[in-house]
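# Observations on chain architecture
Now for the letters of each chain:
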Amino acid sequence: MIKKNTKSKSLTSISFKNNLIVSISIGLTVAAIFIFFEIREFNKDAEKARKEGLASKKQQVKREVENVIDYIHYTRLLMEKRMRNSLKERTYEAWSIINNIYHKNHKTHTDREILTMIKQALRPIRFNNGRGYYFIVNVNGVEELYPVRPQVEGKNLLKLKDARGNYVIEDEMEIAKGQGEGFVKGYWRKPDGDSTRMYAKTSFLKMFEPLNIYVGCGDYLDDVRKDIQEDIILRIRRIRFGKFGYVFVNTYNGVAVVIDSRHYTAGDTVWELTDPNGVKVVQEEWKAVNKAGGGYIRYHWVKPGTNEIAPKISFIKGVDEWQWMIGAGVYIDEIEANIAKERELLYKRMLRKGLSGLLLILIVLMVIFFLARKNALIIRNNLETFILKLRVAVKMGKQMKPEDYSLLDLQNILPPINEIITHKAKIEQQLKESEIRFRTIFENVPIMLLVFDKDLKLTFRNKEFDKVFNHNKNTSINTKFLLRCLPNTQKNKEVVNAMKSCDGEFREIDVITSHGEQNHNWACFKTAGEEIILAGFDITPLYQQQKRLAESNATKDKVLSVVSHDLHGPFNTIIAFSNILLNNKGKLSADKQRRYLQHIYNSSKSMHTMLTNLLSWARAQSGQIKLHISIVDLHMLTQDVINVLSPLAVQKNVELVNKVEAHLTLASDTSMLRIIVQNLVANGIKFTEKGGEVVVSTHKTPQENVQLIVADNGIGMSAAMVKKLNQGEKVDSSQGTNNESGTGLGLLICQEFASYLDATFEVESQPNKGTTFIITLRSAAEEA
């Protein structure tokens, strides 16, 4: 063990030295405070001058930028309107030319000759910087004039589509015939543009009825925007303010649009442009643009017309529609030069005042030195007396009395010392009561609790654990016993491994108790003393309730799906055709009335079938169905179903064949069996083409069971659908061969009713080779 060489010091010596140090510190602190406030006041004034100067210059550059952006927005808002007005005026001019040529020549020339004159007159006309031209189309969709692609003239372009798949000529003809004139918009890939991009093109056309043609012209909004941008660029280049102020423009990707530089021109990439201090100027502009309302940046730049580099502040704001960063800046070196002169004068004043203050501090320190030495002697005498009496009080175990001391500071210390002695006794009593309270709660809380020491030996378990596992307090419990209570499943293995981390997280686990297998939630905790606490509670009732709730919600969702979706179509059909009949009474032919009534009848039958299946399925789901067993004649039951469905089969020209043995009977529920047969035959009609057939037959198995077979030669099913049906799963409804709709519940009802009748449900099918349903009824009766 290494001993520290410490030098003992007396309290009076420490007090004297501390007083001396404090006195010197106070003197230095006063001087520092004086200097601090002088500098702070100067900085305030300098900052105020800087802020006012900067604020003025910021306001100036921001105003210049906002003026430019306001002008851009104003011009851009009028851009499409100006384009539309221009197209309309151009088309009216062309229409006037056509009208003039026609009225001068229609008495002496044929329409075709007049049309040739019109084409010759309009073909060479160009406008909008040479990109504008006229086109003419007749009412049959034949392109009569198309100057930029004369090879398509004379061709019928009714099926011409733009880049989005719109039928352009059909849209134009609809406007020309219906309104006489109007605008139409298309989307095209420009030969001189980005081949991956679609450009919007607006055209105006006007009908000329004497020749059954319409004339028009169009323009790309993108080209109009470029023309306007060129005008605005020229305007920006002429802007100047202040001594060196100007407006500059760069694109969002760092290409110069308007720049005042000796080394760069418009069109150059300036993204990496750097000032002498390494500031990426254009990249800082991009950061400012991304701030709400724009932002300011600082950098150093050469003053125009000089070689002087000076600090500069600029305001930058973006025009998102054009991807432009617009900015204006001013040089701020004059502000900093004025502030630097004032700072130099301040330092001179402070030096003079500092020397005077230092002399004053030395005089004060001398006075403090003598006073501190005198007070140190007084404190030493009083402390020696206090220590002597304190030793006696501690040894005797008695509380110290204030009247034994003359020093007021020592008298004030005694009450806290006496309180500490009293408080210690109270704490010991409270700890004892707290332990009793905690044990009572631990023992009676309705949560299973187990406590293990660091060697995994059980030290305590509460009553709730014994209650759930039906043990008495004398039963020995260890970790092996707990593991035997867990079923050997992958889920339980994962939970046990996770609980080894003692993270305090509750996890669901399966447990075997004297009441059978239950679902519990258990968590593991570790204390600071390396003890392990297991806490758990039974969630079996909650788990069962959630399962019942999930089943109930699934049933509700199925019913709502049918009511909201599948019944919507038939209702719309009935409403629509009923409305036509009511609003056109006496105007429709007998054939149309019959066809409309047939549509209403078919939709009503479809809704009736849907509702019947829905009610049957809902009864099955709710468990309200009761079996009424009686002797059923399968041949007669099948014939009754065929008679009911014959109108539907006749309408589709599908033959229904009853090959069930005559007088074949068995014991079953007549109503439920009828619903099964009717749904399967209706399904066969729905998915069988015209001229097909649906055959119902029976077959006896070696076990004397009866197989009811419904087969069709329709469109069949995919292997995936067959697999789902044979596994008892619901399949999505699809339209029949005549676009019949359905709910998808028919086959589901057949499966569930077959289960009620203790029968099996099988499907055999291949695409385009028909479908066979086999219901094996297990309780056959003798033939009559």
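Everything in this summary refers to the structure shown in the same document.

### Focus: the overall build of the protein chain
Summing up its helical and strand segments, the protein chain has 17 helices and 23 strands in all. Within the protein chain, the fraction of its 784 residues that count as buried is 37%. Considering only residue pairs separated by 6 or more positions, the protein chain has 56% of its internal contacts joining residues 24 or more positions apart.

### Describing the nonpolar core
Core analysis: the largest hydrophobic core is formed by 47 residues, its most contacted members being I72, I118, L122, I136, V247, W324 and I326. The leading source of residues in this core is helix α1 (residues 11-105), at 13 residues. Contacts of V247, omitting those with residues within four sequence positions, involve V68, I236, I239, F241, V258, I326, G327 and A328.

### Notes on the sheet that holds strand β5 (residues 213-220)
Taking strand neighbours across the sheet as the criterion, the five strands line up as β2-β1-β5-β4-β3 in an open arrangement whose pairing is antiparallel. The strands lining the two open edges of the sheet, one partner per strand, are β2 (143-145) and β3 (181-188). Strand-to-strand twist across the sheet, computed as the mean angle between neighbouring axes with direction ignored, equals 30 degrees. The sheet contact formed by strand β1 (residues 135-138) and β5 spans four bridges and is antiparallel. If you follow N138 over to β5, its bridge partner there is I213. On the sheet, helix α2 (residues 111-122) packs against β1, β2 and β5 and is oriented at approximately 55 degrees with respect to β2. Taken strand by strand, helix α3 (residues 168-179) contacts β1, β2, β3, β4 (199-208) and β5, and its axis lies near 170 degrees from that of β3.

### Points about the environment of L581
Inspection of the secondary structure assignment puts L581 in helix α12 (residues 568-583). Taking the C-alpha atoms as reference points, L581 and L597, 16 residues apart in sequence, are found 8.7 Å from one another. With near-sequence residues (within four places) excluded, L581 lies in contact with L588, Q593, Y596, L597 and I600.

### Comments concerning the environment of F537
Structurally, F537 is set in strand β16 (residues 532-538). Overall, the relative accessible area of 29% leaves F537 in the partly exposed class. Sequence-distant contacts of F537, defined by excluding residues within four places in its chain, comprise M448, F506, H520 and N521.

### Things to note about the layout of surface pockets
Of the volumes computed, that of the second largest pocket is approximately 760 Å³. Looking at the second largest pocket, it is lined by 32 residues, and the ones nearest its centre are Y133, Y146, W188, K201 and Y220. Elements that contribute at least two residues to the lining of the second largest pocket include exactly β1, α3, β3, β4 and β5. A per-class count over the lining of the second largest pocket returns 17 nonpolar, three polar and 12 charged.

### Overview of helix α15 (residues 670-686)
Taking 1.5 Å per residue as the helical rise, α15 with its 17 residues ought to reach 24 Å, and the 24 Å between its terminal C-alpha atoms agrees with that figure. Within α15, 12 of the 17 residues are buried, which leaves the element mostly enclosed by the surrounding structure. Within the sequence span of α15, burial applies to M672, L673, I675, I676, V677, N679, L680, V681, N683, G684, I685 and K686. For α15, the N-terminal cap is D669; the gap from its side-chain oxygen to the backbone nitrogen of S671 is 3.1 Å.

### Let's talk about the sheet that holds strand β14 (residues 507-513)
The sheet built from five strands is open, its strands ordered β13-β12-β16-β15-β14 with antiparallel pairing. Of all the strands in the sheet, the pair left with one neighbour each is β13 (458-461) and β14. Adjacent strand axes in the sheet meet at a mean angle of 30 degrees when their direction is disregarded. When strand β12 (residues 448-452) meets β13, the two strands line up antiparallel, connected through three bridges. In the strand pairing of β13, L450 is matched with R461. Helix α10 (residues 490-499) rests against β14, β15 (516-526) and β16 of the sheet, and its axis sits at about 115 degrees to β14.

### Observations concerning the packing of α15 against helix α17 (residues 746-756)
Where α15 contacts α17, the axes come no closer than 9 Å and their chain directions differ by 150 degrees. Comparing their axes, α17 and α15 come out roughly antiparallel. In this structure, α15 crosses over α17, and the sense of that crossing is left-handed. Side by side, α15 and α17 meet where M672, I675, I676, N679, L680 and N683 of the first sit next to G746, L747, I749, C750, F753, A754 and Y756 of the second.

### Notes on the pattern of salt bridges
Applying the stated rule across the entire model yields 14 salt bridges. Of the charged contacts in the structure, one is a salt bridge between R131 and D219, with a shortest N-O distance of 2.9 Å. Residue R131 is located in the loop between α2 and β1, and its partner D219 is located in strand β5; the two are separated by 88 residues in the primary sequence. Notably, a salt bridge pairs E505 with R507, separated by 3.5 Å at the nearest N-O pair. The partly exposed category is assigned to E505, whose relative accessible area is 44%.

### Topic: the packing of aromatic side chains
All chains considered together, the criterion is met by 15 aromatic pairs. Judged by centre distance (5.1 Å) and plane angle (75 degrees), the ring pair of W322 and W324 falls under edge-to-face. A residue is classified by how much of its surface remains accessible, and W324, at 4% relative accessible area, is buried. An aromatic cluster is present here, built from Y92, F183 and F204 joined pairwise through their rings. For the cation-ring pair, K206 lies above Y92, with the distance from its terminal atom to the ring centre recorded as 5.1 Å. A cation over an aromatic ring shows up here: K206 above the ring of W95, its NZ or CZ 5.1 Å from the ring centre.

### Regarding helix α4 (residues 221-237)
Each α-helix winds once per 3.6 residues, and so residues spaced three or four apart point in a common direction. With 17 residues, α4 should cover 24 Å at 1.5 Å per step; its first-to-last C-alpha distance of 24 Å lies within 8% of that length. All of the buried residues in α4 are D222, D223, V224, R225, I228, Q229, I232, I233 and I236.

Reading the values: rules and limits
Residues numbered from 1 in each chain as written. Predicted model: local features only at pLDDT ≥ 70, side-chain atom pairs only at ≥ 80, totals over all residues. Heavy atoms only, no water. Helix = DSSP H or I, 4+ residues; strand = E, 2+ residues; numbered from the N terminus. Buried < 20%, exposed > 50% of the residue type's maximum accessible area, 1.4 Å probe, protein only. Contact = heavy atoms within 4.5 Å. Core = buried A, V, L, I, M, F, W, Y, C linked by side-chain atoms within 4.5 Å. Pairing = 2+ DSSP bridges. Axes fitted to C-alpha atoms, helices over the stretch in contact; angles between N-to-C directions. 1 Å grid on protein atoms, 1.4 Å probe; cavity = no way out; pocket = protein on both sides within 12 Å on 5 of 7 lines; lining within 4 Å. Points joined across faces, edges and corners; volume = space filled by probe spheres on them. Nonpolar A, V, L, I, M, F, W, Y, C, P; charged D, E, K, R; others polar. Expected span 1.5 Å × (residues − 1). Polar contact = N/O pair within 3.5 Å; in protein donor to acceptor, adjacent residues only side chain to side chain. Parallel < 35°, antiparallel > 145°, perpendicular 65-115°, else oblique. Left-handed = near helix turned anticlockwise from the far one by under 90°. Salt bridge = Lys/Arg side-chain N within 4 Å of Asp/Glu carboxyl O. Phe/Tyr/Trp six-rings, centres within 6.5 Å; stacked < 30°, edge-to-face > 60°. Lys NZ or Arg CZ within 6 Å of the ring centre and 35° of its normal.

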